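One-letter residues, chain by chain:
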Amino acid sequence: MQKFHVKKGDEVVVIAGTEKGKRGKIIEVLRSKERAIVEGVKMIKRHTRKNQANPQGAIVEREGSVHISNLMLAERFDAKASKRGTQPTKA
């Protein structure tokens, strides 16, 4: 089993990709795919079928996954930003 630098519940910042600069809390870590689901990041629309629980069907918006290498712990990111003399991002 591989060990990652982040775990469920950690606050992270996305450091690369289309969602760069966004912050959120890790909801789940997908170890086999080396990806993580981060709250409010990489939102995707999921079309659900009609069923008894939801007779109309719906379009549900939920989080997609981000590769672990594109994430950094928020406290490390803020420490680096303060060391450089720039303001850390707040999102």
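Residues numbered from 1 in each chain as written. Predicted model: local features only at pLDDT ≥ 70, side-chain atom pairs only at ≥ 80, totals over all residues. Heavy atoms only, no water.

Draft legend 1. Broad picture of the overall build of the protein chain. Helix and strand content of the protein chain: 1 helix and 7 strands. Starting at the N terminus and ending at the C terminus, the protein chain contains elements arranged as β-β-β-β-β-β-β-α. In terms of overall size, the protein chain is more extended than a compact globule, its C-alpha atoms giving a radius of gyration of 16 Å where 91 residues would be expected to give roughly 12 Å. If you line up the protein chain on its principal axes, its C-alpha atoms span 55 × 35 × 20 Å. Here the protein chain holds 91 residues, and the buried ones make up 26% of them. Sequence separation of at least 24 residues holds for 46% of the intrachain contacts in the protein chain that already meet a minimum separation of 6. By element, 49% of the accessible surface of the protein chain is carried by carbon and sulfur atoms, the whole surface being about 6,800 Å². Within the protein chain, the 10 negative side-chain charges are centred at a point lying 4 Å from the centre of the 21 positive side-chain charges. (Helix = DSSP H or I, 4+ residues; strand = E, 2+ residues; numbered from the N terminus. Rg over C-alpha atoms; globule rule 2.2 N^0.38 Å. Buried < 20%, exposed > 50% of the residue type's maximum accessible area, 1.4 Å probe, protein only. Contact = heavy atoms within 4.5 Å. Areas by Shrake-Rupley, 256 points an atom, 1.4 Å probe, with all protein chains shown as cover. Lys, Arg positive; Asp, Glu negative; His and termini not counted. Charge placed at Lys NZ, Arg CZ, Asp CG, Glu CD.)

Draft legend 2. Fine view of unusual backbone geometry. Even without being glycine, E34 reaches a positive phi, approximately 55 degrees. Locating E34 in the fold gives a position in the loop between β2 (23-30) and β3 (35-38). Positioned with a positive phi, K42 is a non-glycine residue whose angle comes to about 60 degrees. On the secondary structure map, K42 appears in the loop between β3 and β4 (43-48).

Draft legend 3. Looking closely at the sheet that holds strand β1 (residues 11-14). Ordered in space as β6-β3-β2-β1-β7, the 5 strands form an open sheet in which the pairing is antiparallel. Pairing within the sheet leaves two strands with one partner each, and these edge strands are β6 (65-67) and β7 (71-73). For this sheet, the mean inter-axis angle between neighbouring strands, taken without regard to orientation, is 55 degrees. Across 4 bridges, the pairing between β2 and β3 is antiparallel. Bridging from a neighbouring strand, V29 pairs with A36 of β3. (Pairing = 2+ DSSP bridges. Axes fitted to C-alpha atoms, helices over the stretch in contact; angles between N-to-C directions.)

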